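Structure at a glance
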Amino acid sequence: DAMVIQNPRYQVTQFGKPVTLSCSQTLNHNVMYWYQQKSSQAPKLLFHYYDKDFNNEADTPDNFQSRRPNTSFCFLDIRSPGLGDAAMYLCATSTRADTQYFGPGTRLTVL
Amino acid sequence: GENVEQHPSTLSVQEGDSAVIKCTYSDSASNYFPWYKQELGKGPQLIIDIRSNVGEKKDQRIAVTLNKTAKHFSLHITETQPEDSAVYFCAASTGTGGFKTIFGAGTRLFVKA
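Residues numbered from 1 in each chain as written. Chains lettered and ligands numbered in written order. Predicted model: local features only at pLDDT ≥ 70, side-chain atom pairs only at ≥ 80, totals over all residues. Heavy atoms only, no water.

**Regarding unusual backbone geometry**
- Residue P8 of chain A is reached from N7 of chain A by a cis peptide bond, and omega for that bond is -10 degrees.
- Turning to its location among the elements, P8 of chain A is positioned in the loop between β1 (4-7) and β2 (10-13).
- Of note, the bond from H7 of chain B into P8 of chain B is cis; its omega dihedral lies within 30 degrees of zero at -5 degrees.
- In this structure, P8 of chain B sits in the loop between β1 (4-7) and β2 (10-14).
- A positive phi angle, close to 60 degrees, is found at Q60 of chain B, a residue other than glycine.
- Tracing the backbone through its elements, the reader meets Q60 of chain B in the loop between β6 (56-59) and β7 (62-67). (Helix = DSSP H or I, 4+ residues; strand = E, 2+ residues; numbered from the N terminus.)

**A few points about the state of the cysteines**
- As enumerated under the stated definition, the model contains two disulfides over all chains in all.
- Sulfur-sulfur distance for the disulfide between C23 of chain A and C91 of chain A comes to 2.0 Å. What sets the handedness of the C23 of chain A and C91 of chain A disulfide is the S-S torsion sign, and at about -70 degrees it is left-handed. Here C23 of chain A is found in strand β3 (residues 19-25), whereas its partner C91 of chain A is found in strand β9 (residues 87-94), with 68 residues between them in sequence.
- On the basis of relative accessibility, which here comes to 1%, the residue C23 of chain A falls in the buried class.
- Its relative accessible area of 0% is what places C91 of chain A among the buried residues.
- Note on cysteine connectivity: C23 of chain B is disulfide-linked to C90 of chain B, with sulfurs 2.0 Å apart. (Disulfide = S-S within 2.5 Å. Buried < 20%, exposed > 50% of the residue type's maximum accessible area, 1.4 Å probe, protein only.)

**Examining the side chain of S30 of chain B**
Residues and elements named next belong to chain B.
- Relative to the helices and strands, S30 is located in strand β4 (residues 30-38).
- Judged by its relative accessible area of 0%, S30 falls in the buried class.
- Dropping the residues within four chain positions of it, S30 is found in contact with E2, Y25, S52, K68, A92, S93 and T94. (Contact = heavy atoms within 4.5 Å.)

**Considering the confidence of the model for chain B**
- Considering every residue of chain B, the mean pLDDT works out to 92; 96% of them sit at 70 or more.
- Taken element by element, the predicted model of chain B shows its lowest mean pLDDT in strand β10 (residues 101-103) of chain B (89) and its highest in strand β8 (residues 72-77) of chain B (98). (pLDDT = per-residue confidence, 0-100.)

**Considering the packing of aromatic side chains**
- Inspection of the entire model under this criterion finds 15 aromatic pairs over all chains.
- Geometrically, the ring pair formed by F102 of chain A and Y36 of chain B is edge-to-face, given 5.3 Å between the ring centres and 85 degrees between the ring planes. Of the two residues, F102 of chain A sits in strand β10 (residues 101-102) while Y36 of chain B sits in strand β4, which places them in two different chains. The pair formed by F102 of chain A and Y36 of chain B is uniform in burial state, with each residue classed as buried.
- Plain terms: the ring middles of F102 of chain A and F103 of chain B are 6.2 Å apart, the flat faces sit at 70 degrees to each other, and that makes the pair edge-to-face. (Phe/Tyr/Trp six-rings, centres within 6.5 Å; stacked < 30°, edge-to-face > 60°.)

**Observations concerning the sheet that holds strand β8 (residues 73-78) of chain A**
Residue and element names in this part refer to chain A.
- Spatial strand order, β1-β3-β8-β7: four strands in an open sheet with antiparallel pairing. Two strands bound the open sheet, and with one partner strand each, they are β1 and β7 (64-67). Strand-to-strand twist in this sheet, taken as the mean axis angle between neighbours without regard to direction, amounts to 20 degrees.
- Relative to β3, β1 is paired through four bridges, and the arrangement is antiparallel. Among the inter-strand pairings, V4 is bridged to a residue of β3, identified as Q25. (Pairing = 2+ DSSP bridges. Axes fitted to C-alpha atoms, helices over the stretch in contact; angles between N-to-C directions.)

**Structural notes on the interface of chain B and chain A**
- On the chain A side, the residues contacting the 24 residues of chain B number 25 residues.
- For the pair chain B and chain A, the number of links is zero salt bridges.
- Put simply, chain B and chain A have seven residue pairs in polar contact (both at pLDDT 80 or more) between them.
- Those elements giving two or more residues to the side of chain B that touches chain A turn out to be β4, β5 (45-51), β9 (86-94) and β10 of chain B.
- Per-element tally for the side of chain B that touches chain A: the top contributor is β5 of chain B, with four residues.
- Here the residues of the side of chain B that touches chain A are counted per class, giving eight nonpolar, eleven polar and five charged. (Salt bridge = Lys/Arg side-chain N within 4 Å of Asp/Glu carboxyl O. Polar contact = N/O pair within 3.5 Å; in protein donor to acceptor, adjacent residues only side chain to side chain. Nonpolar A, V, L, I, M, F, W, Y, C, P; charged D, E, K, R; others polar.)

Here it is, written out as structure tokens:
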């Protein structure tokens, strides 16, 4: 029944230790997004894929990378997590029709 | 670039009363306006949306109005229930694709039983 799935739901990592978050979708949407959401704030777009075309937001730190090996999966890699990277990470998908469907999110804790 | 302002930041209503959340946007090219509800520890869920070719849309207890001239859109929830308590985000996007959706800062709604 789930349409946008994120794993894990909770991730704990150590300062500077690389971490990968995953997202999969059953909607066959061609656009996938990664957002960062900090407490009591709106989601902040990090980047998106339109099919295989990667689009990075200008203010997304180089520490954040993404991979999309196929239509269904997209990964967020944080190369050297800092304390300021602790947040909820949301994956979303859409077609060209604008409506974005969000996953449940992965809450990242950095120790 | 596009900017979306949302008010109020916090709203507390009695069960059964109505709740209204207002947003303004800056880019006149914006033509799609979704509203998302986010419960604690969950991802945002679309509750209603409106496109620029209509002025109002209703779905049971939820309605959205759009004033393109004033660049203003609002969410109306009638007969509020405790399960309506959540954070609500308005958003605006331009063109097809929705690749760049700008979110408002959110409104935390409390419905008191």
